[in-house]
Amino acid sequence: QLVESGGGLVQAGASLRLSCAVSGRTFSNNNMGWFRQAPGKEREFVAAISWRVGTADYTDSVKGRFIIALDKAKNTLYLQMNSLRPEDTAVYYCAADGSTWFKPTDRDFHSWGQGTQVTVSS
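Not measured: the values here are computed from a predicted model.

Draft legend 1. Seen up close, the overall build of the protein chain. Per the secondary structure count, the protein chain includes 0 helices and 11 strands. Reading the protein chain from its N terminus to its C terminus gives the helix and strand order β-β-β-β-β-β-β-β-β-β-β. By the compact-globule yardstick of 14 Å for 122 residues, the protein chain fits well, its C-alpha radius of gyration being 13 Å. Each of the three principal axes of the protein chain carries a C-alpha extent, and together these read 40 × 25 × 25 Å. Across the 122 residues that make up the protein chain, the buried fraction comes to 45%. Pairs at least 24 apart in sequence give 57% of the contacts found in the protein chain among residues at least 6 apart. Summed over all atoms, the accessible surface of the protein chain reaches about 6,100 Å², with 48% contributed by carbon and sulfur.

Rendered as structure tokens:
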């Protein structure tokens, strides 16, 4: 089970940290990621990471602003989001059981959280 938290309403330029708590299983040798879906748009890749080796990839629009990280002791995935922009507004989803961490699509992941809303006002 994947449970996201940490979303909210913030002003442009602010920071948020999303968390994805993993329960009921272990995620060794797994790829995990964050996707987002804005109103009227398809779900898109944000960031992904290899649980085993820690290598990560980001979509271009968040590079230098967002950081994906793992706390293996807590079985938790994080997304640190800095310098937020109105265009970052979306429902953010945690994903696991990915076949790749490098430029994945949502079809590459098979386990999903329920999503958490992030709203950035201008």
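Having seen the structure, we can now continue with the description.
Draft legend 2. Summary view of the pattern of salt bridges. Within this structure, the stated rule accounts for 6 salt bridges. Asp-88 is paired through a salt bridge with Arg-65; the nearest N and O atoms lie 2.8 Å apart. You can see Asp-88 sitting in the loop between strand E8 (76–81) and strand E9 (90–98) and its partner Arg-65 sitting in the loop between strand E6 (56–58) and strand E7 (66–71), a full 23 residues away along the chain. Judged by its relative accessible area of 7%, Arg-65 is buried. Through salt bridges with shared partners, a single network forms among Arg-36, Glu-44, Arg-65 and Asp-88.

Draft legend 3. The arrangement of the side chain of Thr-89 in detail. Within the secondary structure, Thr-89 is located in the loop between E8 and E9. In this structure the side chain of Thr-89 is engaged in a polar contact, spanning 2.9 Å, whose partner is the backbone oxygen of Pro-86. Separated by 2.9 Å, the side chain of Thr-89 and the backbone nitrogen of Val-120 make a polar contact. Look past the residues within four positions of Thr-89 in its chain and what remains in contact with it is Ala-38, Gln-117, Val-118, Thr-119 and Val-120.

Draft legend 4. Representation of the state of the cysteines within the structure. Counted according to the given criterion, the structure contains 1 disulfide. The residue that forms a disulfide with Cys-20 is Cys-94, at a sulfur-sulfur distance of 2.1 Å. Taking the sign of the S-S torsion, about -75 degrees here, the bridge from Cys-20 to Cys-94 comes out left-handed. In this pair, Cys-20 is assigned in strand E3 (residues 16–22) and Cys-94 in strand E9, connecting sequence segments 74 residues apart. The exposure class assigned to Cys-20 is buried, which follows from its relative accessible area of 0%.

Draft legend 5. Focus on the nonpolar core. Membership of the largest hydrophobic core comes to 27 residues, with the highest contact counts inside it found for Trp-34, Leu-79, Met-81 and Tyr-92. Leu-79 has contacts with Leu-16, Arg-17, Leu-18, Trp-34, Val-46, Ala-47, Phe-66, Ile-67, Ile-68 and Tyr-92, leaving out every residue within four places of it along the chain.

Draft legend 6. Seen up close, the sheet that holds strand E1 (residues 2–5). If you walk across this open sheet you meet the 4 strands as E1-E3-E8-E7, and the pairing is antiparallel. Two strands close off the open sheet at either side, each with one partner strand: E1 and E7. Adjacent strand axes in the sheet meet at a mean angle of 15 degrees when their direction is disregarded.

Procedures and definitions
Residues numbered from 1 in each chain as written. Predicted model: local features only at pLDDT ≥ 70, side-chain atom pairs only at ≥ 80, totals over all residues. Heavy atoms only, no water. Helix = DSSP H or I, 4+ residues; strand = E, 2+ residues; numbered from the N terminus. Rg over C-alpha atoms; globule rule 2.2 N^0.38 Å. Buried < 20%, exposed > 50% of the residue type's maximum accessible area, 1.4 Å probe, protein only. Contact = heavy atoms within 4.5 Å. Areas by Shrake-Rupley, 256 points an atom, 1.4 Å probe, with all protein chains shown as cover. Salt bridge = Lys/Arg side-chain N within 4 Å of Asp/Glu carboxyl O. Polar contact = N/O pair within 3.5 Å; in protein donor to acceptor, adjacent residues only side chain to side chain. Disulfide = S-S within 2.5 Å. Core = buried A, V, L, I, M, F, W, Y, C linked by side-chain atoms within 4.5 Å. Pairing = 2+ DSSP bridges. Axes fitted to C-alpha atoms, helices over the stretch in contact; angles between N-to-C directions.

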